[in-house]
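Structural features, examined
Chain by chain, the residues run as shown.
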Amino acid sequence: MDVNFCVHYHGDAHPPTNRFCRICPHAPVACDALWQRVLDLSASNGGNAVPLPPTRAMMYPNPASTTSVRLKINCRWNLPREDFLYFIATGHAGMGRKGKRLERNSSPSMTRQEPYVQAILAAIGGDKQKEVRAVRNVQATGRP
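These figures come from a predicted structure and were not determined experimentally.

What counts as what
- Residues numbered from 1 in each chain as written.
- Predicted model: local features only at pLDDT ≥ 70, side-chain atom pairs only at ≥ 80, totals over all residues.
- Heavy atoms only, no water.
- Helix = DSSP H or I, 4+ residues; strand = E, 2+ residues; numbered from the N terminus.
- Contact = heavy atoms within 4.5 Å.
- Buried < 20%, exposed > 50% of the residue type's maximum accessible area, 1.4 Å probe, protein only.
- Polar contact = N/O pair within 3.5 Å; in protein donor to acceptor, adjacent residues only side chain to side chain.
- Core = buried A, V, L, I, M, F, W, Y, C linked by side-chain atoms within 4.5 Å.
- Pairing = 2+ DSSP bridges.
- Axes fitted to C-alpha atoms, helices over the stretch in contact; angles between N-to-C directions.

1. Brief notes about the environment of Leu79
Relative to the elements of secondary structure, Leu79 occurs in strand 4 (residues 76-80). As a C-alpha pair, Leu79 and Val7 span 72 residues in sequence and 22 Å in three-dimensional space. Not counting residues up to four positions away in its chain, the partners in contact with Leu79 are Trp35, Thr67, Ser68, Val69, Leu71, Phe84, Gln113, Val117 and Ile120.

In structure tokens:
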């Protein structure tokens, strides 16, 4: 995880600071709106599976928390908010290895979220939409 992915991030990439996006006081400026698009997509089929082409993954809402959505192929796992926002900033959301937490390709949760984050981004309108541009601007400059 690149700890410089967002000017508002405070931490060293280790838990619990790798989950900073969940409590960031600047999130209402832009990140909340984009994450809400992801939550809305996950719930768009009445709580039933939402396919994420071209992958085989299905997405579901997480009834226990709004800080993640659930993905499933053979088993179910969470896509945390910070992994998606990290992908928006860096274009990476790969698996990390113990002792290599600071690798740029590793997601904050150290789980492989690619190609699923790309499929979610495409499903909500792609990287040219205003919410994505606003998040990237906030991450880079601190301003919307």
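2. Digging into helix 3 (residues 116-123)
Every buried residue of helix 3 is listed here: Tyr116, Val117, Ala119, Ile120 and Leu121. One or two steps after helix 3, the chain reaches Gly125, where phi turns positive at roughly 125 degrees.

3. As for the side chain of Thr55
Take Thr55: it is sitting in the loop between strand 1 (50-51) and strand 2 (58-61). Of note is the side chain of Thr55, whose polar atom sits 2.5 Å from the backbone oxygen of Leu52. From its side chain, Thr55 meets the backbone nitrogen of Ala57 in a polar contact 3.1 Å long.

4. Re the nonpolar core
Residues Leu34, Leu52, Met59, Phe84, Ile88 and Ile120 are the most contacted members of the largest nonpolar core, which totals 38 residues. For this core, the secondary-structure elements that each account for two or more residues are helix 1 (31-42), strand 3 (68-72), helix 2 (81-90), helix 3 and helix 4 (130-141). Looking at this core, the element that brings in the most residues is helix 1, giving six residues. The residues contacting Leu34, other than those within four sequence positions of it, are Phe84, Leu85, Ile88, Ile124, Glu131, Val132 and Val135.

5. Focus: the sheet that holds strand 3
Strand order in the open sheet made by the four strands is 1-2-3-4, with antiparallel pairing throughout. Since the sheet does not close on itself, it has two edges, and those belong to strand 1 and strand 4, each with one partner. One ladder, built from five bridges, connects strand 3 with strand 4; its direction is antiparallel. Bridge pairing links Leu71 to Trp77 in strand 4. Each of strand 3 and strand 4 is contacted by helix 2, which is oriented at about 55 degrees to strand 4, the strand it contacts most. Packing of helix 3 onto the sheet brings it into contact with strand 2, strand 3 and strand 4, and relative to strand 4 it is tilted by some 65 degrees.

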